[in-house]
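# Structure at a glance
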Amino acid sequence: MSFIQAPPVLGNTFESDVVLRAFLGNHLPAEVFREIEPSLREMGALSGGPLHELLREDEASVPTLTSWDPWGRRVDRIELTRLWKETLRISAEKGLVALPYERRHGAFSRLHQFALVHLFEPSSGVTSCPLAMTDGAAKTILVSGNADLAARALPRLTARDPARAWTSGQWMTERIGGSDVGASETVARLEGDTWRLYGTKWFTSATTSEMAMTLARPEGNPPGGKGLALFYLETRDEAGNPNGLAIHRLKDKLGTRMLPTAELDLVGARAVPVKGLSNGVKNIATMLNMTRTWNAVAAVSGMRRALDLARDYAAKRAAFGGPLLDKPLHAETLADLEALYAGAFLLTFRVVELLGREENDALSEGEDALLRILTPIAKLTTGKQAIVVASEALEAFGGAGYVEDTGLPRLLRDAQVLPLWEGTTNVLALDLLRALTKVGGLSPVEQEVSRCLAGAGGPLGSAGRSASGAVRHAAAWLSRVPDATALEAGARRFALTVGHALEAALLVAEASRLPDGHPLRHAAARFARFPLDSIRDDAPLEEARALLGAAEPVPAERVP
Ligand code: MFK
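Conventions used here
Within any chain, residue numbers begin from 1 and follow the written order of that chain's sequence. Side-chain atom pairs in this predicted model are given and counted only at pLDDT of 80 or more, local residue features only at pLDDT of at least 70, and totals for whole chains, interfaces and linings cover all residues. Side-chain metrics rest on all non-hydrogen atoms present in the structure, leaving aside hydrogens and water. Put simply, DSSP marks the helices as runs of H or I at least four residues long and the strands as runs of E at least two long, and each gets a number from the N terminus on. Each accessible area value is a Shrake-Rupley result obtained with a 1.4 Å probe; residue values ignore everything except the protein chains displayed when judging cover. Only four residue types enter the charge count: Lys and Arg as positive, Asp and Glu as negative, with His and the chain ends excluded. In plain terms, the charge of a residue is placed at NZ if it is Lys, CZ if Arg, CG if Asp and CD if Glu. A side-chain nitrogen of Lys or Arg and a carboxyl oxygen of Asp or Glu constitute a salt bridge if their distance falls within 4 Å. Partly exposed residues are those whose accessible area sits between 20% and 50% of the maximum for their type, while under 20% is buried and over 50% is exposed, using a 1.4 Å probe and protein chains only. Only buried residues count toward a nonpolar core. Its members are Ala, Val, Leu, Ile, Met, Phe, Trp, Tyr and Cys residues joined through side-chain atoms within 4.5 Å. All domain edges in this entry derive from an automatic or database-based domain assignment. Contacts are residue-level and defined by heavy atoms, with any inter-residue pair within 4.5 Å sufficient. The axes are straight lines fitted to the C-alpha atoms, using for helices just the contacting stretch, and the angles between their N-to-C directions are given from 0 to 180°. Just so you know how the angles are binned, under 35 degrees is roughly parallel, over 145 roughly antiparallel, 65 to 115 roughly perpendicular, and the rest oblique. As a working rule, the residues Ala, Val, Leu, Ile, Met, Phe, Trp, Tyr, Cys and Pro are called nonpolar, Asp, Glu, Lys and Arg charged, and the rest polar, with Gly in that last group. Any two rings among Phe, Tyr and Trp, with Trp reduced to its six-membered ring, count as a pair given centres within 6.5 Å; such a pair is stacked if its planes are under 30 degrees apart, edge-to-face if over 60, and tilted if neither. Whether a charge sits over a ring comes down to the Lys NZ or Arg CZ being within 6 Å of the ring centre and within 35 degrees of the ring normal. Only a single heavy atom is needed: when it lies within 4 Å of a molecule or strand, its residue is near that molecule or strand. Two N or O atoms form a polar contact when they lie within 3.5 Å of each other; inside protein one atom must be a possible hydrogen donor and the other a possible acceptor, and for residues adjacent in sequence the pair counts only when both atoms belong to side chains. The directions from the helix axis to the C-beta atoms form the arc being described. Multiply 1.5 Å by the residue count of a helix minus one, and that product is the helix's expected span.

### Remarks on the overall build of the protein chain
Tallying secondary structure elements over the protein chain gives 19 helices and 11 strands in all. Overall size of the protein chain, expressed as C-alpha extent along the three principal axes, is 70 × 65 × 60 Å. Accessible surface, the protein chain: about 24,400 Å² in total, of which carbon and sulfur atoms supply 55%. Here the protein chain carries 62 positive and 67 negative side-chain charges, and the mean point of each set is 0 Å from the other.

Structure below.
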């Protein structure tokens, strides 16, 4: 019998996640941690066990669209995969959206929710997408002050009974713009006393959702994002017929393949304005900030899963006379990825912690500005890191990482969406500049870094100096940048520098609270040796333009 390699296996993913456990131990009151620990242990067992097995069995399944019934009636019915039906049921029962609205643990309810999401997400087949939008819709309706909508939708969006629970879509992208949402072409017309929407939405994720939040321009409104209004619509009427919607087709995507993403026409869909008849972009920003937070959690949970598999494989795969884990270069490679994960986790869960405090009126002075700034930073920084970790994890499996039926390529495909949807890296870098203008500069970040580094000595002290040096450089660049063009051109390098510096600083803060030898202390020291600072003081835009050939657009009639 020739050699057969044992595949990687997962254990209880809560018990094996040293970073999650240390963080919760440091940030939750002991009685809250005691109360929620059984739910986390149960989710870790489910996600590392039966749910992961179901994901592997159902790996190749995709949702299907049936446009017509046998008698010629338009039905536009989407059939979900087996895993999706199961994970939607589980997520309702476990309260993955409901928990922060029930507020059983006050400001700590968000930590409980997102710790569960972190464990659930990697085995969910990206059900996290509709859950993120559902959470975003619930919060947006809640803060809009629209009592009628709150009474109708909130009990459904936060239901724990799967038979009653709704999910929500977030339909923004049109053919004309995914980033430049203000250019949207969808029109809202008041017919009698009902608003009806007409237009095309080009990417509608989780199109099986019972409701959606969307943008449309009331007739007569000016162009731009201010002229749009935020609307609520239900996708089916009482009889189950589509509410003025026609689904064209489902997208054939690189990843998130179990997630039904449709192109659809709004052909007189009945809709209700959520908050006035203008300022649609501003009003949907609450939802965007929520889904961007979910995005960061999905990024770190994907990293954890890739590393769990790569670590287990390295322990059992022998080459050149011993396990891979004993090879100095393999150990170095995986350790760097572990440090990346730890930094990304702490940045993301700092946002989660602040979000919980904001929703329970428990923010300290200046922390509202910090939350506004950290949300785009966490989204853009972790989205990029998730791809690095997934790609390296695949490489750590050699050829097996490139073969579909190992399930490993999915890790990379699903990571690739994270810097792209909910705003690309560049859009988020520009959002950071928008946020800094609103809050009056970078000082909330500088204060956060100082707080993190206070009292750190020894190896942690030198790690802290790397973090503070990078933030100082970012602040200096921001104060010296000559004009708006140079500011925009440098925005991505600036944002990533601030993101990496914050991760390093948060690692130092966390490690300082843990005993010598704790893995997070090693992660902090290792992370600070990464190049944190990517700002270039002389990055002439003319050079970039010359390099691109200052391309004159090819006239449309010459495009083949
Ligand atoms: C597991 C994770 C799952 C995640 C779910 C994925 C579901 C997938 C569904 C999608 O992909 S939906 C598509 C996602 N699309 C985007 O994220 C849009 C990306 N584009 C942007 O974010 C643009 O920057 C933006 C549309 C906001 C630009 O629009 P405008 O009209 O040029 O914005 P403008 O004029 O700067 O801002 C308008 C107002 O909104 C301002 O307020 P004021 O009027 O008071 O000044 C801004 O401050 C405010 N605003 C904008 N972004 C904000 C914000 N406020 C708070 N937070 C923000 N993020």
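### Regarding the pattern of salt bridges
One pass over the full model with this rule turns up 41 salt bridges. A salt bridge links Glu367 to Arg350; the shortest N-O distance between them is 3.9 Å. With Glu367 in helix α11 (residues 367–395) and Arg350 in helix α10 (residues 328–359), this residue pair connects regions lying 17 residues apart in the sequence. Assessed through its relative accessible area of 10%, Glu367 is described here as buried. By relative accessible area, Arg350 is classed as buried at 5%. Measuring nitrogen to oxygen at the nearest pair gives 2.7 Å for the salt bridge that ties Arg357 to Glu367. Remark: Glu367 occurs in helix α11 and Arg357 occurs in helix α10; sequence separation between them is 10 residues. Linked by salt bridges that have partners in common, Arg350, Glu353, Arg357, Glu367, Glu448 and Arg451 make up one network.

### Quick look at the nonpolar core
Ile141 and Phe494 are the most contacted members of the largest nonpolar core, which totals 152 residues. It is helix α9 (residues 280–316) that contributes the most residues to this core, 17 residues altogether. In this structure, this core is formed jointly by two domains, domain 1 (168–279) and domain 2 (441–544), each of which donates at least three residues. Sequence-distant contacts of Ile141, that is, excluding residues within four places in its chain, are made with Asn146, Leu149, Ala150, Ala153, Leu154, Leu157, Met211, Met213 and Tyr232. Ala188, Ala216, Ala262 and Ala269 belong to the second largest nonpolar core, which has 17 residues in total.

### Topic: the packing of helix α3 (residues 50–57) against helix α4 (residues 82–93)
Remark: α3 packs on α4, axes separated minimally by 9 Å, with the N-to-C direction vectors making an angle of 155 degrees. Considering their axes alone, α3 and α4 lie roughly antiparallel with respect to each other. Only Arg82, Leu83, Glu86, Thr87 and Ile90 of α4 make contact with α3, whose side of the interface consists of Leu51, Leu54, Leu55 and Glu57. The class makeup of the residues in the contact of α3 with α4 is 5 nonpolar, 1 polar and 3 charged.

### Section: the packing of aromatic side chains
Aromatic rings in a pair are described by how distant their centres are and how their planes are angled relative to each other. Under the counting rule described, the total for this entry stands at 9 aromatic pairs. Arranged with centres 4.3 Å apart and planes meeting at 10 degrees, the rings of Phe345 and Phe349 form a pair that is stacked. A residue pair is termed a helical-turn pair when its members lie 3 or 4 positions apart in one helix, as Phe345 and Phe349 do in helix α10 at 4 residues. Of the two residues examined, Phe345 and Phe349, each falls in the buried class. One aromatic cluster is present, built from ring pairs that chain together Phe23, Tyr341, Phe345 and Phe349. In this structure, Lys251 is placed above the aromatic ring of Phe203, and the distance from its NZ or CZ to the ring centre is 4.3 Å. Lying across the ring of Tyr341, Arg304 places its NZ or CZ 4.7 Å from the centre.

### Examining the side chain of Thr425
Inspection of the secondary structure puts Thr425 in helix α13 (residues 425–439). Residue class for Thr425 comes out buried when judged on its relative accessible area of 4%. In this structure, Thr425 is in contact with Leu380, Lys384, Pro419 and Arg492, ignoring residues within four places of it in sequence.

### Structural notes on the site of the ligand
The local shell around the ligand holds 29 residues, among which Ser179, Lys282, Asn289, Arg434 and Lys438 are the closest. Here an oxygen atom of the ligand and a side-chain polar atom of Arg292 are 3.0 Å apart. The contact in question runs from a nitrogen atom of the ligand to an N or O atom on the side chain of Arg372, over 3.4 Å. In the complex, 82% of the free accessible area of the ligand, which totals 1,200 Å², lies under the protein chains. Sorting the residues of the shell around the ligand by element identifies α7 (128–144), α9 and α13 as the ones contributing at least two each. For the shell around the ligand, the element with the most residues is α9, which contributes 9 residues. Here the shell around the ligand is composed, by residue class, of 11 nonpolar, 10 polar and 8 charged.

### Some words on the domain arrangement of the protein chain
Along its sequence, the protein chain is organised into domain 1 (168–279) and domain 2 (441–544). Its C-alpha centre places domain 1 at a distance of 40 Å from the equivalent point of domain 2.

### What about helix α14 (residues 443–453)?
Among the residues making up α14, those that are buried are Pro444, Val445, Glu448, Val449, Cys452 and Leu453. Buried residues of α14 fall within an arc of 165 degrees about the axis and therefore sit on the same side. If you follow the buried residues of α14, they end up packed against α10, α11, α13, α15 (458–480) and α17 (491–512). Phi turns positive one or two residues past the end of α14, at Gly455, with a value near 85 degrees.

### Re the side chain of Thr13
For Thr13, the location among the structural elements is in the segment before α1 (18–27). By relative accessible area, Thr13 is classed as buried at 6%. In contact with Thr13, not counting residues within four places along its chain, are Gly44, Ser47, Gly48, Leu119, Arg305 and Asp308.

### Quick look at the environment of Asp76
By secondary structure assignment, the location of Asp76 is in strand β2 (residues 74–79). Expressed as a C-alpha distance, the spacing of Asp76 and Thr66, which sit 10 residues apart in the sequence, is 5.6 Å. The residues touching Asp76, leaving out its near neighbours within four places in the chain, are Leu65, Thr66, Ser67, Arg236, Leu245, Ala246 and Ile247.

### Quick notes on the packing of α11 against α14
In contact at an axis separation of 9 Å, α11 and α14 are set at 95 degrees when each is read in the N-to-C sense. The angle between α11 and α14 places the two elements in the roughly perpendicular class. In this structure, α11 uses Ala369, Leu370 and Ile373 to contact α14, whose residues at the interface are Pro444, Val445 and Glu448. By residue class, the composition of the contact of α11 with α14 is 5 nonpolar, no polar and 1 charged.

### Overview of α15
Owing to its 3.6 residues per turn, the α-helix brings residues three or four apart onto one side. With 23 residues, α15 extends 33 Å between its outermost C-alpha atoms, agreeing within 8% with the 33 Å of an ideal straight helix rising 1.5 Å per residue. Taken together, the buried positions of α15 are Leu460, Gly461, Ala463, Gly464, Ala467, Ser468, Ala470, Val471, His473, Ala474, Ala475 and Trp477. Where α15 is buried, its residues meet α14, α16 (484–489), α17 and α18 (519–528).

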